[in-house]
Each structure stands twice: as C-alpha cells, then as structure tokens.
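Chain and residue survey
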Amino acid sequence: MRRRGVRRLPRSAASVAVAATLGTACSSSPAPVPAPSTSFRCPTSPADRTALDQKLTAALKPHVAALGAKARALRSVLIDVCGVRVHEQYQATTAEEAQSVASVTKTFVGTLVGIALADGSLSSMDQTLAELLPQHRSVMSSQVATITLRQLLTMTAGLDADLNGSPSGVSASSDHLVDDILKEGVVNHPGRFAYSSASSHLLSAILQQATGRSTLDYARAKLFGPLGIDTTDAAEPVMVDANLPAYQKARFAWPVDQQGVNYGGGLLKIRPQDMARLGQVYLDNGRWNGQQVVPESWVRAATKGQVPASEGFGGEQYGYQWWVTTAGGHPAYAAVGIGGQLLEVVPDRSLVVVFTTQDDPSGPGPVSPSAYQVIVSASIVPALA
C-alpha cells in the first residue's frame, strides 16, 4: 500500500494501546437468524420486566457459554426495552466502572457533528477540509483540500484504511497527528468505503475549530450534560507511556493528541450505561427527558445506510459513524469497538443492547463484536417475541 513518507513512531506501550483501541472490529460471518416475529409488546409492569429478565437470562446463557474461555473477558450486558432496563449483568466490574469503548467513540463524535450542523457551528455537509481546517491548508494536497465533511462521516474520503489495528499509515501518537493524516493524503479510491480512524480524528479536529472549544467541552454542553453522563474530573492525557497509568485509573477519560484534540477514532472511557444512553436517545428520535438533544433529522440520516460497507463489522451499509445492519431479521444499527464493545439499537423492538469486554492479555483473547451481534440476533431479539 502506498505511503507518503509519514514518519512512524516507535511502538511504545502507549502507542500500542492507542493503536489497539482505535482499530476496527474484527469481522466474522453472522449466523443465520430467525425470521422476524410480528408479536411484540412493551413490558408495562414490574412483573412483565421480571419475566422478561428471566427469559433473557435463559436465552443468553447457552450463547455466552458458546464463547468458551473468551467469555471470561465479558464485563457487562445491558438490555433496555421501551426505555426500561430489563436485564443488567456485570462480571469482574461494577455499574460505575468505566472502560475504553474503542471505536464506539466515533459514534459520539459523529453525533456531535450532527448537533454542530443544527446549531450553526458547521454550515454544510459539503464543506471541504480547506474550509473546515484552514490553519492546516498548507499541508493539504489539492485533492485532500476538497474532501468533504460528508465523506469523512461515511468513511469515503479515500484516506488510508486502518491496517492491523493501526489508524491509517500514521502513528496515533504522532507529534502532529492532524498534519500527518493530511500529509498522508488520499491513498484509496474516493467515494468507496474504507474504514478509517483517521477520518474520525479529523472530525474531532473540525469540531474544535468550528465550535472554538475542545470536543469534550462541546460534548459536555451539548450531549454529555443533557444525557447525564458525568464527566467530573475528566482525564485528558496525551497518550504517551507516562500517562497510561492515569488513563487506566480514570473514572472518565478522553485522551488528546499532542495538539490537544480529543481522539476522534477511539479511547473515550465511559460507563456501559452511558453507551446505553446514547442508544436510547437515538431510539427516541433524538429526545431525552423531553428535550431534543440530537436533531431528529440527524438521527434518521445517521442511521440510514449511506454507502455500501464491504469490510469490518459485518453491517451491509454504513451511515454517519454508525454501522447499518439487521438483528434477528429486523433493521438495526450499531456502534462497534475492537475487543468486544457493542452498542446496538433495534428500533421496531424498542431495543437497546450494550456489551462491553475487557481483554486479559494472558487470556485466550477478546471477543469479536460480531460474535455479540450474533447473540443479539439469535438470542435477545427472539426473546422479545
């Protein structure tokens, strides 16, 4: 694959951690799923919720057992139906413990882009990088300068695809990450889907430029705050070896690159319940506690297949930083992170599902998010019939 002379940094412990968490999910072929059921009703009483919890527990047990030794890495399973938590389990963790959600970060960033378009911070999906990042114009080729916001959101900009868990051909711990991504340039066919964490990092840089504040500060005001996601004492370390322990200990964290841009492609560290809140606000057409947090038009567009997606998680299409797929024969969309992080929404079942995983380096390896998606299709959705 062609490279443009970008300097690669040594793979220190921190750079390895960054590369792993920014990478795309391993792909696997979903198992056949049952035909959709036409019968469904929301649980309306405590007895309904208890009965559904028992049904889900029984349905999940054989599928989780089939993961074998890898099931030891499973940390949480949250299932919400009609806005009600009907199943919640934790293993070697607690409800308040945060963890890196890897590339699920991309979906939070994409959501912030939709909010910025609505509040006027960004003016158009057709704005170009030359317009969006004018301070970096000198390092852009003429082709890079014409990349649009829409292309970044749909992973069709032509930037280098993630390779072996590393974002683009540029080290995520680069001294000048945004400049190096732009210098790397277009190496794939523009207009074709190529999963690129570099594209998502540029989205974060664009948000910072457009709003005049960090991506985290903008998220606090526009998304995290309204959803009740607690960012008190947030850690924003530059991901170098010396800062890795602080990141691991932090209750909430969103690391930054060397220029202070919060990583757009990964590394956000939140609680499983915070992932579920994002899923629920999308399920409710952008509303949370009666407030329109995310524009309804953005919810519809972001979770609609915008481009064919032939690689990665196994969704047939990709929206705006969401995978568009099916679950148990029903339309669905998902945010996916390497190592077994999954947020999946099945609208016609009023269903939000979260799986989180913490891989033990001495264990048998992480669970593929695609394996969890199979569980959603073959176990959770049928249990709601």
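A brief report on the enclosed structure follows. (Residues numbered from 1 in each chain as written. Predicted model: local features only at pLDDT ≥ 70, side-chain atom pairs only at ≥ 80, totals over all residues. Heavy atoms only, no water.)

So, on to the layout of surface pockets. To find leftover empty space, a probe the size of one water molecule is rolled over the atoms. Volume-wise, the second largest pocket comes out at about 210 Å³. Here the element with the most residues in the lining of the second largest pocket is helix 2 (residues 46-65); it accounts for 4 residues. A per-class count over the lining of the second largest pocket returns 8 nonpolar, 1 polar and 3 charged. (1 Å grid on protein atoms, 1.4 Å probe; cavity = no way out; pocket = protein on both sides within 12 Å on 5 of 7 lines; lining within 4 Å. Points joined across faces, edges and corners; volume = space filled by probe spheres on them. Helix = DSSP H or I, 4+ residues; strand = E, 2+ residues; numbered from the N terminus. Nonpolar A, V, L, I, M, F, W, Y, C, P; charged D, E, K, R; others polar.)

Below, the discussion takes up the packing of aromatic side chains. The full count for this structure, using the stated rule, is 12 aromatic pairs. Each ring, one from W298 and one from Y320, has its centre 5.0 Å from the other, and the planes form 25°; the classification is stacked. Here Y320 lies in the loop between strand 8 (317-318) and strand 9 (323-327) and W298 lies in helix 12 (residues 296-302), a separation of 22 residues in the sequence. What makes W298 buried here is its relative accessible area of 6%. Measuring from centroid to centroid gives 4.3 Å for F355 and Y372, while their planes differ by 10°, and the two rings are stacked. Of this pair, F355 sits in strand 12 (residues 351-357) while Y372 sits in helix 13 (residues 369-383), and the two are 17 residues apart along the sequence. Neither residue differs from the other here; F355 and Y372 are each classed as buried. By way of ring pairs, the aromatic residues F108, F224, F252 and W254 are connected into one cluster. Across from the ring centre of Y247, 5.5 Å away, lies the NZ or CZ of K269, which sits over that ring. (Phe/Tyr/Trp six-rings, centres within 6.5 Å; stacked < 30°, edge-to-face > 60°. Buried < 20%, exposed > 50% of the residue type's maximum accessible area, 1.4 Å probe, protein only. Lys NZ or Arg CZ within 6 Å of the ring centre and 35° of its normal.)

Right, let's talk about empty space enclosed by the protein for a bit. For the coordinates displayed, the defined rule picks out 2 cavities of 30 Å³ or more. Within this model, the second largest cavity holds a volume of roughly 40 Å³. Taken together, S103, K106, T107, Y195, Y318, Q321, W323, A335 and V336 make up the full set of residues lining the second largest cavity. Elements with a contribution of two residues or more to the lining of the second largest cavity: helix 3 (104-118) and strand 10 (330-337). Classifying every residue of the lining of the second largest cavity gives 5 nonpolar, 3 polar and 1 charged.

Okay, the environment of I229 next. By the element assignment, I229 lies in the loop between helix 9 (215-227) and helix 10 (244-249). C-alpha of I229 to C-alpha of F252: the two residues are 23 residues apart in sequence and 9.6 Å apart in space. Excluding its chain neighbours within four sequence positions, the residues that come into contact with I229 are F108, F224, F252, D274 and R277. (Contact = heavy atoms within 4.5 Å.)

Before going further, it helps to spend a moment on the packing of helix 7 (residues 177-184) against helix 8 (residues 197-211). Their axes nearest at 10 Å, the elements helix 7 and helix 8 cross at an angle of 130°. The angle between the axes of helix 7 and helix 8 places the two elements in the oblique class. Judged by the sense of rotation from one axis to the other, the crossing of helix 7 with helix 8 is left-handed. Taken together, the residues of helix 8 that come into contact with helix 7 (itself represented by L177, V178, I181 and L182) are A198, H201, L202 and A205. Looking at the contact of helix 7 with helix 8 residue by residue, the class counts come to 7 nonpolar, 1 polar and no charged. (Axes fitted to C-alpha atoms, helices over the stretch in contact; angles between N-to-C directions. Parallel < 35°, antiparallel > 145°, perpendicular 65-115°, else oblique. Left-handed = near helix turned anticlockwise from the far one by under 90°.)

Moving on: the environment of L343. Position of L343 among the secondary structure elements: in strand 11 (residues 341-346). Relative accessible area serves as the criterion here: at 0%, L343 is assigned to the buried category. Sequence separation of L343 and V353 is 10 residues, and the distance between their C-alpha atoms is 5.7 Å. Among residues more than four places away in sequence, those in contact with L343 are M275, A276, L278, G279, W322, Y333, A334, A335, V352, V353 and V354.

In this section: the sheet that holds strand 12. Whenever strands of a sheet pair, they do so through backbone hydrogen bonds, lying parallel or antiparallel. One open sheet holds the 8 strands; their spatial order is 2-1-12-11-10-9-8-7, and the pairing between them is antiparallel. The strands lining the two open edges of the sheet, one partner per strand, are strand 2 (84-90) and strand 7 (307-308). Bridging between strand 9 and strand 10 involves 5 bridges; their strand directions are antiparallel. Its bridge partner lying in strand 10, A327 is registered against H330. Contacts between helix 11 (residues 272-283) and the sheet are confined to strand 1 (74-81), strand 2, strand 10, strand 11 and strand 12, with strand 12 contributing the most and set at about 155° to the helix. (Pairing = 2+ DSSP bridges.)

Taking 1.5 Å per residue as the helical rise, helix 3 with its 15 residues ought to reach 21 Å, and the 22 Å between its terminal C-alpha atoms agrees with that figure. For helix 3, the tally of buried residues reaches 13 of 15 residues, placing the bulk of the element in the interior. Just past helix 3, the residue G120 takes up positive phi, approximately 90°. (Expected span 1.5 Å × (residues − 1).)

Judged by nonpolar contacts, the single largest core of 74 residues is most densely connected at L129, L223, F224 and Y282. Apart from residues lying up to four places away in sequence, L223 is in contact with F108, T111, L112, I115, Y218, L278, V293 and V294. Grouped together as the second largest cluster of nonpolar side chains are 36 residues, I79, A334, F355 and V376 included. (Core = buried A, V, L, I, M, F, W, Y, C linked by side-chain atoms within 4.5 Å.)

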